[in-house]
Amino acid sequence: MGGRRWLVWVTVVALVGGCGATGSGPGGDDLGRLRQQAHDALTRYDQAVLDAGGAQGFVPVGELTGQLGDWEPANGDNNKQALLAGRVFPATALPTAGQPTGKVVWENGRTQPVPLMSAEEALAQLRAAGGEDCGCVPLEATAARLTTVRIPTTRGPATAPAWEYTLKGTAVRLTRIAVAPSAAIVVTPPAWGPEYPHGGLAIESATGTTTSQRLTVAFTGSPGPGSQPCGVDYSAEAVESVNAVVVIVIEHRHADGEACGDIGARRTATVDLAQPLGERAVLEVQQGMPVALTING
């Protein structure tokens, strides 16, 4: 939701071709800055893993709060703003998990036992991840039950324990991951300084194997190839550490200064790593955030 914080659980726009990213090729003026930005993102992530005990396990990608159903027109705008601001409070005492641990299950059959937190503790995390106060009427959670949700992670899609909250005055229910922070690297990294304008193309996902040095990344780019007007070809390079890989996508435009539309298309690029991917996370270069990874084989 709004006001995202980095949860290093062992837990730690795309710019359309023709709208500045890494320059017109490998020698683009911005490439050196992006490499430094990638190194700094790796330093932050490596420190987060170290602070969490040195191991990566369950690392969710994206939001840890979910919404089931649509807000009713009568109160939808207020409720939407309240949720974005994290203004959700218990209307009564909410339950504990009733069991000390749960289990994260990946699609390949891999499992990981994880400690669970109470419904009120998870709700407190939801509030902490919210944005600025909206001046709206807060949402009230009247009940909670332990369930599971499917969530993308740095090791592929997984099913994880979550709390499902019933809210006063609406049929919409909220979910929040129930895994305790001790099992998850949840990191709030320092903000980028003014020297980092968050440039570059942000990859959205990656595909590879743990034993291969080849990684394919997906992003939104120009619909056409570089041989066509307004088209772009793409290559990629990786900046690596023992815990993660940051992928920089490099544009090779048909020509600089072309007046092009804003229509984007899904594009991919392949990058060769210095070492097999192993258990490392894949990060995008704009914010240094992990992306969803599909492990083949």
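Coordinates for the structure precede this section.
These remarks concern the structure in this document. Nothing here was measured: the structure is a model prediction, and the numbers come from that model.

A word on the nonpolar core. Among the nonpolar cores identified, the biggest contains 36 residues, and F58, V88, V104, W163, Y165, L174 and I177 are the most heavily contacted of them. Among the elements of the structure, helix 2 (76–84), strand 3 (101–106), helix 3 (119–128), strand 5 (139–151), strand 6 (158–167) and strand 7 (173–177) are those that each provide at least two residues to this core. The dominant element in this core, judged by the number of residues it contributes, is strand 6, at six residues. Ranked by size, the runner-up nonpolar core spans 19 residues in total, among them I203, A206, L215 and V282.

Bringing helix 2 into the picture now. Residues G76, N79, A82 and L83 constitute the buried set of helix 2. Projected down its long axis, helix 2 carries its buried residues within an arc of 135°, all on one side. In this structure, the buried side of helix 2 is in contact with strand 1 (65–68), strand 2 (88–90), helix 3, strand 5 and strand 7. Positive phi appears at G86, one or two residues downstream of helix 2, with a value of about 75°.

Tallied over the entire structure, the rule returns one aromatic pair. Arranged with centres 4.9 Å apart and planes meeting at 70°, the rings of F219 and Y234 form a pair that is edge-to-face. Residue F219 is located in strand 9 (residues 214–221), and its partner Y234 is located in strand 10 (residues 232–240); the two are separated by 15 residues in the primary sequence. Each of the two residues, F219 as well as Y234, counts as buried. It is R110 that lies over the ring of W106; its NZ or CZ is 5.1 Å from the centre.

Across all of its chains, the model carries 13 salt bridges by this definition. When the shortest N-O distance is used, the salt bridge between R87 and D133 registers 3.7 Å. Of this pair, R87 sits in the loop between helix 2 and strand 2 while D133 sits in the loop between helix 3 and strand 5; the two residues are 46 residues apart in sequence, bridging distant segments of the chain. Between R155 and E279 there is a salt bridge, and its shortest N-O distance comes to 3.7 Å.

All right, on to the state of the cysteines then. With the rule as written, the count across this model stands at two disulfides. Note on cysteine connectivity: C134 is disulfide-linked to C136, with sulfurs 1.7 Å apart. Across a sulfur-sulfur distance of 2.1 Å, C230 and C260 are joined as a disulfide pair. Where C230 bonds to C260 through sulfur, the torsion about that S-S bond is close to -90°, and the disulfide is left-handed. Of this pair, C230 sits in the loop between strand 9 and strand 10 while C260 sits in the loop between strand 11 (244–253) and strand 12 (265–272), and the two are 30 residues apart along the sequence. The partly exposed category is assigned to C230, whose relative accessible area is 23%. Classification of C260 by relative accessible area gives partly exposed; the value is 24%. Of note for the protein: the bonded cysteines, numbered N- to C-terminal, pair according to 1-2, 3-4.

Turning our eyes to something else, we now look at helix 3. Among the residues making up helix 3, those that are buried are A119, A122, L123, Q125 and L126. One side of helix 3 carries all its buried residues, which in axial view fall inside an arc of 155°. In this structure, the buried side of helix 3 is in contact with strand 1, helix 2, strand 2, strand 5, strand 6 and strand 7.

Bringing the sheet that holds strand 14 (residues 292–295) into the picture now. Strands sit in the order 12-9-8-14 across an open sheet of four strands; the sheet is mixed. In this open sheet, the two edge strands, each paired with only one partner strand, are strand 12 and strand 14. On average, each strand axis in the sheet is inclined to that of its neighbour by 25°, with strand direction left out of account. Pairing of strand 8 (residues 205–208) with strand 14 involves four bridges; the strand directions are parallel. Looking at the pairing, T207 lines up with T294 of strand 14.

Looking at where L126 falls in the secondary structure, it is placed in helix 3. Taking relative accessible area as the criterion, L126 reaches 4% and is therefore assigned buried. With 51 residues separating them in the primary sequence, L126 and I177 have C-alpha atoms 9.4 Å apart.

Cut-offs used in this document
- Residues numbered from 1 in each chain as written.
- Predicted model: local features only at pLDDT ≥ 70, side-chain atom pairs only at ≥ 80, totals over all residues.
- Heavy atoms only, no water.
- Core = buried A, V, L, I, M, F, W, Y, C linked by side-chain atoms within 4.5 Å.
- Buried < 20%, exposed > 50% of the residue type's maximum accessible area, 1.4 Å probe, protein only.
- Helix = DSSP H or I, 4+ residues; strand = E, 2+ residues; numbered from the N terminus.
- Arc of directions from axis to C-beta.
- Contact = heavy atoms within 4.5 Å.
- Phe/Tyr/Trp six-rings, centres within 6.5 Å; stacked < 30°, edge-to-face > 60°.
- Lys NZ or Arg CZ within 6 Å of the ring centre and 35° of its normal.
- Salt bridge = Lys/Arg side-chain N within 4 Å of Asp/Glu carboxyl O.
- Disulfide = S-S within 2.5 Å.
- Pairing = 2+ DSSP bridges.
- Axes fitted to C-alpha atoms, helices over the stretch in contact; angles between N-to-C directions.

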